[in-house]
Amino acid sequence: RAAEGAARRRTQNEMVKSAIFWKYLPFPFVAAVHTFPSPVPHPALLPYSNPKNNINMSSLSSSARSKKSALMSTLPLAGIVPKEETNAIQFIRDNPEYDGRGITIGIMDTGIDPGAIGLQHTSCYNKNNDPQQTKLVDTIDCSGSGDVLLSELPVNATWNEDHWEVTGLTGRTLKFNPQWNVEPLPGSTSSSTGEVQVRLGMKSAYELFPKRLVTRVKQHRKLLFDEKQRSHALLLRKQLQDWSLKNNNIKTATTEQIKIKEDLEARLEFLEPKTTVEGDHPCNDPGPVYDCVVFYDGQNYRAAIDVNEDGDLSCAKALADYHKFKEFDQFSTVDMYNYAVNIYDDASILSIVCDASPHGSHVAGIASAYHGDDPHHNLNGVAPGANIVSLKIGDTRLGSMETGTSLVRGLMEAIRLKCDVINLSYGEAAALSNSGRFNELAMEAVQRYGIVFVSSAGNNGPALTTVGAPGGTCSSVLSIGAYVSPAMMEAGYSMIIKNPKWASSADDDDSDKGEGSGAVITAEQQQGDSSGVDIGSSSVMQDSLTGSTYTWSSVGPASDGAQGVDVCAPGGAITCVPNWTLQKKQLMNGTSMSSPHAAGCVALLLSACKIRGIPCNPNRIRRALQNTARKMDNLTNLQQGHGMIQVDKAWEYLLAHKDDPYENVNFETCVDNRPGQPRGIYLRQPEEVAAKQVFSINVNPKFGNDDDVDLETQQRRVEFEMNVALETTAPEWVKVPDVLVLMHNGRSFKVEVDPTNLPPGLHTAHINGYDVSTTTGSDERGGAIFSVPVTVLVPLEQSNNINLGKLAFKPSEVKRYFLNVPTGATWMDVSIRDARSQSVDKDASPRLVVLHCLQLLPHSPYRDNEKERMLNLLPGQMSVTSVPVHGGVMCELAIARYWSAVGLTVVEVVVDFRGVTPVKSQLQMFAGGGGTSVRIESSLKDENVSPTASLNKWLTPIRPKAPGLISALGERDVWPTGNKKIYQLLLTYELDQPEAGSFVPRIPSLQGYLYESAYESQLVMIFDSNKKLIGVADAFRQEEIKAPKGKITLRVQVRHDQPEMLTKLKDQAIWIERKLSKEITLSAYASHEAMMIGSTTFKKRALQKGTSLVAFFAEPTSDKLLKGIKCGDVLAGSVSYESSEGNLPGSGKKPGGYSIRYVAGPPVESKDEGKGKEPEVPDERSEAEKLEEAVLKLKVDHLQKLSGDDKEDAKFETLCEAIQKEHPNHIPLLIVIMNHQDQERWRSKRLKRIVEACDDLISKINQSDLVQYYGVTGYFDKEDGKACKERKAMDEKKEALIEALARKARAVSDLERENNDKEVEDLGTTFEQSLVDLKKWVDVESSNKYAVLTLEKERRLGRSGLVLKLITKLLEKDGEDTKGGICPFSKAELLNRRAEVLETMGYSHLAQNDKMWRLISSPNAFSPF
């Protein structure tokens, strides 16, 4: 579904952009793949500049200047960073010191650029009039994506003349700045004079950079790279041209001449590959690879990063933890990417802190940006005096997706740093509201530590119950909806309006007049029944810019009936973005933007309270905001919550209630006579609204935390008594008692809800409780101390076909219809036709309409049962959308005019329910089980059925190599309450990847849950056989991991503060899901007999209403199953029952179909047909001879075992000498001796001994006998036992001879390369002669077992191009082809050889790339979590 959601969102975005409606998705979870897409700036606004700066005022006359100044003064600039809507700007003008100073806002987001313009300073000076304070007081990477695992053991740096230096992990010599004070590491043993211990690390830039930045940096580097490539390629083409001129007749060219040409062609092909090369090819950009060094200066750990990649740190910054000195640096002027550092766990982890996308800086800019040159505060954030803390929760490895680890760390850091406000512009659809580990911790952060927690409601509207977690689902969090005001439309989106305010201030001669001036936007106004509106004329109403929540702003209530959206705030702004975007500001919108606006408003109120000494805690702030918010017309309370924040009114509320001690109390409410004790009354299903119901509402006052047992708190609990007046906003259908006498531990009261007389549609009410003892001025009482929402959805009368008629829309209007889905319906076709007439309206422009259908099922997130489409309709155009539905479950059909759509918008809507219902919704087959059957029926109408099924996925279960290890984590992972440590369970799995391909790791028990998860987090890291990180998966990551052939290691980390919770998962199985290269089609039959005999398959037939039939599916035959499928593996796919043929609109079947699974049995053993067993020859040896041979074999086998142990070399030599003395001509013994000497660990010191061992073996084999035996064809009689035995013996001798000749040739070659002339002369041979001897018996070039010899031969002949060509070929399989040969190559060894060749050829730029790829591709250890 994530993949479907991603495709859907991409389609929506493209449609919106094509209509010049700019809908960004800055609220990360609504992108469906759970990553924040790089926002696309509005072309009219980038880069943003003040309009005044675009006019040369000095060139105008004084009259013109005054007119232009008047024009500029009336431009709608307040909408750039909107603050008038919440009265925040006026509040600061009236109270300049209450601008957020003294308040710290924790921004839990993608990270903040410490160099972003507007985020450098606060608005206030200290008493000594020193430079303005730094706004960003700390920056922390809570995700761990910037972690660098430092060397486990310290490394000694040495003193060289005037500086320290050390060899970094890249091999570069790192020369320290002479000014640095480098002291011994704390706790390190004393080192010798002139040495000091440091720690080293290495990091690839592309692991740090956001994808958008990686793309830009690669483009720049490619320009430089291509320039060098072209110069080398030009020279090669010239050489090839010269060769052609010299050898104009290729038929007469010698073999050597042909090889020269092939070498030149190989060089050129390496520089300019004919096909796209992937992975670690030198022509691909590995990106910068930085050496990192951490040292101790006597007081602080400091880190320096070799950003220039030259080892020269003389001008580098040595950064300490950011909070100590507020220092940061930039990687380069190319990327303009700023970073800071933090050092953890006694300098074992270096955290490079940099943002994962512009989202976090933009959010911070809305909350608190300060531009000193903005006297009117139009460009400042809401609370310019506030400090901010960057808590990066967006994991760069996951494209800025949040993880459970980063969320919990963010909360811990916010508490540690004493943040006053947290803003979280993130979220996910949740299966259950107000539950899970994160919810518990968030509640503790709010109620115990007094942090006001603000979060975005979500961007998944317009349907109801689309609020995300935690913003819309957690009771401790303030959920903020996104509003767009007319001022924002004018300034932020440059929307065209008729007669704008600023146009009237210009001279009459400077503006057009009449009906044609400006853009006249007309639309029909809905009055009463929209189907009766006359749409024949476009002059029904003129559109004006009307404020509204954005169409996509999520809507309440939460799934348990809670409010969902608490308040609204402006949801867009043009403000700060990171320097690496190469722009100052950017337009973004979303509830990601409304949430920091609300956080800024909270900062203003907290600042005022602190300065005035007024008590404030999260409960006071929440009530002040909710009780004073301004209700907005044309919006339901589920869209806007309590309304638009009003900072000034909220401040008045706080002042009026400053002496009320019960304002600090958290009044928890729930419906205690319903399962799960929901927080509100939510009647959604048809049966629920068919009768009157009585609910019990429990109100429980909470004084601090339950474990707060100090005398003062306990006394307050004992003495608490409150008379609560109860009111309902809909007394005609919601009845409540008048009063509730409330004490500590809570009490309940009854509520009667009677929806039986309500018309179809949405009905909402609130049950409010008021403390009758409080008064505010002339009011009889203050604001509500608690509020219980009541939501009732009354469906339309049930019908198989519903015609909604013509619907005319006001600007931004959402029309909701609640459909009583008939039992038996499995999908519905929604037909929407643009009802405008182009000939009448003279308007051919498209209209953007949003269709959103949603059903709510228990313990299922809304994303699993929704369908949303953006329809860009031309006049008369029809669109049919097929939507899967669950019969008997109410379905909301929301149709909306997009918030920025202009002009007449009228559509016709028809809903047609369809369905063929299987009795079993999921089919499962077992190998040998005789297939499966399913009964299908039609309850709505006659349908044509034609069952089809296919399998397209292959799932394999794997267990961990060993039970998981549980251990305590480091200093970053300690919850402040009671210094509670967090533990990790580390599970390691291994997977053999037979061929390069893709897979998805699945952990069904953990994945799909984040905020509501019982565990803190889980993370899966996937590595290739060289420990290179090739992919990361978390709660929602569903992208395929591209894996090479070979061993794949999966490391899974699960975290919790209770080890016993982790113990349950120590043997957790996971599933590896692969796509089948070819779908397996399952045959359907009309009877069991037909299935068993394989006769005619199921033919399309009519299924009459009220009848049923049975379909049978045969299991797949063994020849259709892929090689490698094991017993217990599962093949999954889908099955459909409907026939999609016909002229009816829509898909003709339920979208997605139903699930079908096949559990594989044992694989069929392959039959070796046509090959018989070789005939055996009677063994005529005596028993003594047999015993002697057995003993000899035992001795040789034992000798072989000793050969594998370094410590047993002396024993090997002794035993070898004894055996060889008795059996000097025994070939297997001589092979063991030769292989022992030729082991890589010591072969460089034993080259002469290797040659001697090879010669000894060669001398024991009569080559003439071999030549005579194999003759011309090598034929032997395979039916003759004696001939077969002789052939086997001869083959063994030949193989031994070839191996001895090959190993000898390699050893001679190495001796010659060492220039040991005396030893080479003593050998009496050369590499070339040895190679000639070998080629008599084997084609060396055709076998990769002897690749080392081919490489050496071509190297000696100076044919570097052919050397590169062979290495490239071997790297395709990471050297696997050389295994079993005389010199098996690992991938790292091949890369080393390639680098040497490139250096020899003078391709230094390729050699550098190659070196970096080697470092990246073969790290020393697994990447940290």
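Below, the structure is looked at part by part.

Rules used throughout
Residues numbered from 1 in each chain as written. Predicted model: local features only at pLDDT ≥ 70, side-chain atom pairs only at ≥ 80, totals over all residues. Heavy atoms only, no water. Helix = DSSP H or I, 4+ residues; strand = E, 2+ residues; numbered from the N terminus. Buried < 20%, exposed > 50% of the residue type's maximum accessible area, 1.4 Å probe, protein only. Contact = heavy atoms within 4.5 Å. Axes fitted to C-alpha atoms, helices over the stretch in contact; angles between N-to-C directions. Parallel < 35°, antiparallel > 145°, perpendicular 65-115°, else oblique. Left-handed = near helix turned anticlockwise from the far one by under 90°. Polar contact = N/O pair within 3.5 Å; in protein donor to acceptor, adjacent residues only side chain to side chain. Pairing = 2+ DSSP bridges. Salt bridge = Lys/Arg side-chain N within 4 Å of Asp/Glu carboxyl O.

## Points about the overall build of the chain
Part 1 of the reasoning: Assigned secondary structure in the chain consists of 31 helices and 60 strands.
Part 2 of the reasoning: Looking at the chain as a whole, 56% of its 1425 residues are labelled buried.
Part 3 of the reasoning: Pairs at least 24 apart in sequence give 75% of the contacts found in the chain among residues at least 6 apart.

## Digging into the packing of helix 23 (residues 1247-1259) against helix 25 (residues 1281-1313)
Part 1 of the reasoning: With their axes 9 Å apart at the nearest point, helix 23 and helix 25 run at an angle of 155° to one another. Our classification of the angle between helix 23 and helix 25 gives roughly antiparallel. The interaxial crossing formed by helix 23 with helix 25 has left-handed handedness. The segment helix 23 lies against helix 25, with L1247, K1248, I1250, V1251, C1254, D1255, L1257 and I1258 engaging A1296, L1297, A1300, L1301, R1303, K1304, A1307, V1308, D1310 and L1311.

## Things to note about helix 22 (residues 1227-1237)
Part 1 of the reasoning: Counted residue by residue, helix 22 has eight buried out of eleven residues, so it is predominantly covered.
Part 2 of the reasoning: For helix 22, every residue scored as buried is listed here: I1227, L1229, L1230, V1232, I1233, M1234, H1236 and Q1237.

## Side note on unusual backbone geometry
Part 1 of the reasoning: The residue after G461, namely P462, is reached through a cis peptide bond having omega 15°.
Part 2 of the reasoning: Along the polypeptide, P462 turns up in the loop between strand 17 (452-456) and strand 18 (478-484).
Part 3 of the reasoning: The omega angle of the peptide bond from G556 to P557 is -5°, so this bond is cis rather than trans.
Part 4 of the reasoning: The backbone of N745 shows a phi angle near 80°, a positive value even though the residue is not glycine.
Part 5 of the reasoning: Relative to the helices and strands, N745 is located in the loop between strand 30 (739-743) and strand 31 (747-753).

## What about the environment of D707?
Part 1 of the reasoning: Examined against the element boundaries, D707 turns out to sit in the loop between strand 27 (693-702) and helix 16 (711-719).
Part 2 of the reasoning: Residue D707 is classed as partly exposed on the basis of its relative accessible area, which comes to 45%.
Part 3 of the reasoning: Residues D707 and R448, spaced 259 residues apart in sequence, show a C-alpha to C-alpha distance of 9.9 Å.
Part 4 of the reasoning: Among the polar contacts made by the side chain of D707, one reaches the side chain of R448 at a distance of 2.6 Å.

## Overview of the sheet that holds strand 32 (residues 761-771)
Part 1 of the reasoning: If you walk across this open sheet you meet the five strands as 26-33-32-28-30, and the pairing is mixed. Every other strand in the sheet has two partners, leaving strand 26 (681-683) and strand 30 as the edge strands with one partner each. Going from strand to strand, the sheet's axes swing by 20° on average, the running direction of each strand aside.
Part 2 of the reasoning: With five bridges joining them, strand 28 (residues 721-728) and strand 30 adopt antiparallel strand pairing. The partner of N723 across the bridge, within strand 30, is V741.

## Examining the packing of helix 25 against helix 27 (residues 1327-1335)
Part 1 of the reasoning: As a packed pair, helix 25 and helix 27 sit with axes 8 Å apart at the nearest point and diverge in direction by 165°. For the element pair helix 25 / helix 27, the angle class is roughly antiparallel. Pair helix 25 / helix 27 crosses with left-handed handedness. In this structure, helix 25 contributes I1298, L1301, A1302, K1304, A1305, V1308, S1309 and E1312 to the contact, and helix 27 contributes F1327, E1328, S1330, L1331, D1333 and L1334.

## Let's talk about the pattern of salt bridges
Part 1 of the reasoning: If you walk through the whole model with that rule in mind, you get 77 salt bridges.
Part 2 of the reasoning: Across the salt bridge formed by R221 and D285, the nearest N and O atoms sit 3.0 Å from each other. Of this pair, R221 sits in helix 5 (residues 211-246) while D285 is found in the loop between helix 6 (255-271) and strand 8 (289-296), placing the two residues 64 residues apart along the sequence.
Part 3 of the reasoning: Residues R1359 and E1354 are paired through a salt bridge, measuring 2.6 Å at the closest nitrogen-oxygen approach.
Part 4 of the reasoning: With a relative accessible area of 5%, E1354 lands in the buried category.
Part 5 of the reasoning: Through salt bridges with shared partners, a single ionic network connects E1312, R1313, E1328, E1352, R1355 and R1356.

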